[in-house]
Amino acid sequence: MKNDPKKILRYTPFERANHWLSAITFILLAISGLAFFHPAFYPLTQLFGGGVWTRILHPFIGAAMAISFGVMFFSYRKLNVITPTDKEWLKHVREVVDGDDRNMPEAEKFNGGQKLMFWLLVGCMALLILSGIVIWRAYFAFLFPAAVIRLASVVHAVAATIMIALIIFHIYAAIWTKESIDAMLYGWVRRPWAKQHHPAWFRQMMGGDK
Amino acid sequence: MALQSLDIIRRSATTTPSPGQRQTPEVAKLIDISKCIGCKACQVACMEWNDTRDDIGTNHGVLDNPLDLTENSWTVMRYAEVETERGLEWLIRKDGCMHCANPGCLKACPAPGAVVQYSNGIVDFHEENCIGCGYCITGCPFNIPRLSKKDSKVYKCTLCSDRVAVGLEPACVKTCPTGAIVFGTKEDMIRHAEERVRELTERGFAKAGIYDPQGVGGTHVIYVLQHADKPEAYCGLPRNPSIGPMVDLWKGAAKPVATLGLAMVAVGAFCHYVTKGPNEVSEEIEKEFEDEK
């Protein structure tokens, strides 16, 4: 889709593919996990071929997401180091939410909010992987005492709830900030978009001028 | 196992009422440990009636056989040699599902109708609804349900719900040669147990008592213990069993709080979009780049 030579590459094809792999596995995990969490969501097991299939598939989909998310963690962790500018950005986050970002400190490739989201997601994912192993009845649960399994069940439910909330927020932010879904779908962004939302990154991409 | 749909008062993972027109008297199985001789006839009768066959095991040098409950052995005799003030005592406990009034397995189960409770108090698994997640094992304060490696379903004592439904006593009760296991209404069993406790006290078991733990709302399998002050001596019978704070939180408050929380995030996002509008590139910046062309 690079019909405009002035566009800037934001995400490589591999990054995009991997992001969507994480996204699809996450949605499948959220749907199947909610089905086990509250009876109101149990009918969602039909999407996976019934309760037994949902129980079989959920942890394997989790393992797939763990790998895909792990790749994202290692490729983005340096870009997400929170700087004093980001802290300043976060202090003024209300202004952005209210729709006025004129006085915001300059965001890099990721702004302070995105970086905070990144670390919260990493924390949730780590808890979900660890507790998920403990409660995976078919292969691992027999290795752990009942008290640990009970704790892991609570941790898994709490971390999953927080992560689903964060992802709803993440999806909303992408819908709200026009053209950012295009960035993750096609990889390229218009220069005005980059300058508007990630000025420091834009300057860096332009070779330091502007 | 058996399906007496008229008598089901509680189903797992179900938020609407179960059929409640018919009431049956609350039953209980009383196991008087002071009368048990450890013959294992109850184990045999259980397998006989329920038509389950365990693998032939190996001799571990102790009487316990099999060593633990399995998906085919829904009851096992546990033998403890204990030093008490009366000298060496052999405390033999018939282990199996306690049929709690407030069952942890039912609370934890995510599959609608895989765990049910009848109005007579029996807690039963309906294996056709079981998805094999093992949450019931996590929820059980007595470590009773066993997951089959063959079919990934859980199994446990049914208190012979099929026999009880047609007015028979459980198979283990029928076969017990010493009358250590008796069956009837819970009220009668408590009265009978109190009598036994009185007799045992007279015979010098000063701490004899009934095991009907209130932490799980009482149970429908109750014990007469010679040493009710030391339940742990009976191969680790828990002193104060309860569902516990973790399972309570996980399958209690967490459910509505999390569901409501997530709904609020989604509604909040929608309201934000409607009130504040999309976050677009400002015209100022757009103009800057247009001028360039």
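Residues numbered from 1 in each chain as written. Chains lettered and ligands numbered in written order. Predicted model: local features only at pLDDT ≥ 70, side-chain atom pairs only at ≥ 80, totals over all residues.

Caption draft 1: How the structure looks around the overall build of chain B. The number of helices and strands found in chain B is 9 helices and 11 strands. In terms of overall size, chain B is more extended than a compact globule, its C-alpha atoms giving a radius of gyration of 26 Å where 293 residues would be expected to give roughly 19 Å. When its C-alpha atoms are laid out on the principal axes, chain B stretches across 105 × 45 × 40 Å. Buried positions account for 40% of the 293 residues belonging to chain B. Of the contacts formed within chain B by residues at least 6 apart in sequence, a portion of 63% connects residues at least 24 apart. (Helix = DSSP H or I, 4+ residues; strand = E, 2+ residues; numbered from the N terminus. Rg over C-alpha atoms; globule rule 2.2 N^0.38 Å. Buried ≥ 20, exposed ≤ 12 C-beta atoms within 10 Å, placed from the backbone. Contact = placed C-beta atoms within 7 Å.)

Caption draft 2: Local environment of the domain arrangement of chain B. Domain boundaries assigned for chain B yield domain 1 (5-249) and domain 2 (253-292). Relative to domain 2 of chain B, the C-alpha centre of domain 1 of chain B lies at a distance of 55 Å. (Domains from an automatic or database assignment.)

Caption draft 3: The arrangement of the interface of chain A and chain B in detail. Each side of the interface is counted separately: chain A has 34 residues, and chain B has 38 residues. Broken down by element, the residue count for the side of chain A that touches chain B peaks at 14 residues, all from helix 6 (residues 146-176) of chain A.

Caption draft 4: Up close: the sheet that holds strand 2 (residues 27-32) of chain B. All names here are of chain B. Within the open sheet, the 4 strands sit side by side as 9-2-11-10. Their pairing is mixed. Strand pairing shows two members of the sheet lacking a second neighbour, strand 9 (181-185) and strand 10 (209-211), which therefore form its edges. Along the sheet, successive strands turn relative to each other by an average axial angle of 25 degrees, direction set aside. Bridging between strand 2 and strand 9 involves 5 bridges; their strand directions are antiparallel. (Pairing = 2+ DSSP bridges. Axes fitted to C-alpha atoms, helices over the stretch in contact; angles between N-to-C directions.)

Caption draft 5: Quick look at the environment of A:Ile27. Considering the arrangement of structural elements, one finds A:Ile27 in helix 1 (residues 13-37). Linking A:Ile27 and A:Ala160, residues 133 residues apart in sequence, is a C-alpha distance of 12 Å.

Caption draft 6: Inspection of unusual backbone geometry at higher detail. All names here are of chain B. Note the cis peptide between Asn-65 and Pro-66, where omega equals -5 degrees. Structurally, Pro-66 is set in the loop between helix 1 (41-50) and strand 3 (76-84). With a phi close to 55 degrees, Asn-143 is a non-glycine residue in the positive phi region. Tracing the sequence through the fold places Asn-143 in the loop between helix 3 (135-139) and strand 7 (146-147).

Caption draft 7: Region of interest: helix 8 (residues 254-276) of chain B. With 23 residues, helix 8 of chain B should cover 33 Å at 1.5 Å per step; its first-to-last C-alpha distance of 32 Å lies within 8% of that length. With its phi angle positive at about 80 degrees, B:Gly277 sits one or two positions after the end of helix 8 of chain B. (Expected span 1.5 Å × (residues − 1).)

Caption draft 8: View of the pairing of strand 5 (residues 115-118) of chain B. All names here are of chain B. Here strand 5 shows a buried face lined by Val-115 and Gln-117 and a second buried face lined by Val-116 and Tyr-118. In terms of strand pairing, strand 1 (residues 8-11) meets strand 5 through 3 bridges, oriented antiparallel. Considered in strand 5, the bridge of Ile-8 is made with Tyr-118. Note: strand 5 against strand 6 (residues 123-125), 3 bridges, orientation antiparallel. Bridged to Val-116 within strand 6 is Asp-124. Taking the residues between adjacent antiparallel strands as the criterion, strand 5 and strand 6 are bridged by 4 residues, where Gly-121 takes a positive phi near 100 degrees.

Caption draft 9: Spatial organisation of the sheet that holds strand 1 of chain B. Residue and element names in this part refer to chain B. Spatially, 1-5-6 is the arrangement adopted by the 3 strands of the open sheet, whose pairing is antiparallel. Of all strands in the sheet, those bounded by a partner on one side alone are strand 1 and strand 6. Across the sheet, the axes of successive neighbouring strands diverge by a mean angle of 30 degrees, strand direction being ignored.

Caption draft 10: Structural detail: helix 5 (residues 112-134) of chain A. Residue and element names in this part refer to chain A. Taking 1.5 Å per residue, 23 residues should reach 33 Å; helix 5 reaches 34 Å between its end C-alpha atoms and fits that length. When helix 5 is considered as a whole, its buried residues turn out to be Gly-112, Lys-115, Phe-118, Leu-121, Cys-124, Met-125, Leu-128, Ser-131 and Gly-132. Buried residues along helix 5 sit in contact with helix 2 (51-76), helix 3 (84-91) and helix 6.

Caption draft 11: Representation of the nonpolar core in the model. Formed by 91 residues in total, the largest nonpolar core has its most connected members in B:Cys105, B:Cys109, B:Val115, B:Cys136, B:Cys172 and B:Ile222. Not counting the four nearest positions on each side in its chain, B:Cys172 is found in contact with B:Cys42, B:Ala45, B:Cys46, B:Thr75 and B:Ile181. Judged by nonpolar contacts, the second largest core, of 6 residues, contains A:Ala183, A:Val189, A:Trp193 and A:Ala194. (Core = buried A, V, L, I, M, F, W, Y, C linked by C-beta atoms within 7 Å.)

Caption draft 12: Structural context of the environment of A:Ala146. Position of A:Ala146 relative to the elements: it lies in helix 6. When the 17 C-beta atoms within 10 Å are taken as the criterion, A:Ala146 is described as partly exposed. Non-local contacts of A:Ala146, meaning those with residues more than four positions away in its chain, are made with B:Thr138 and B:Asn143.

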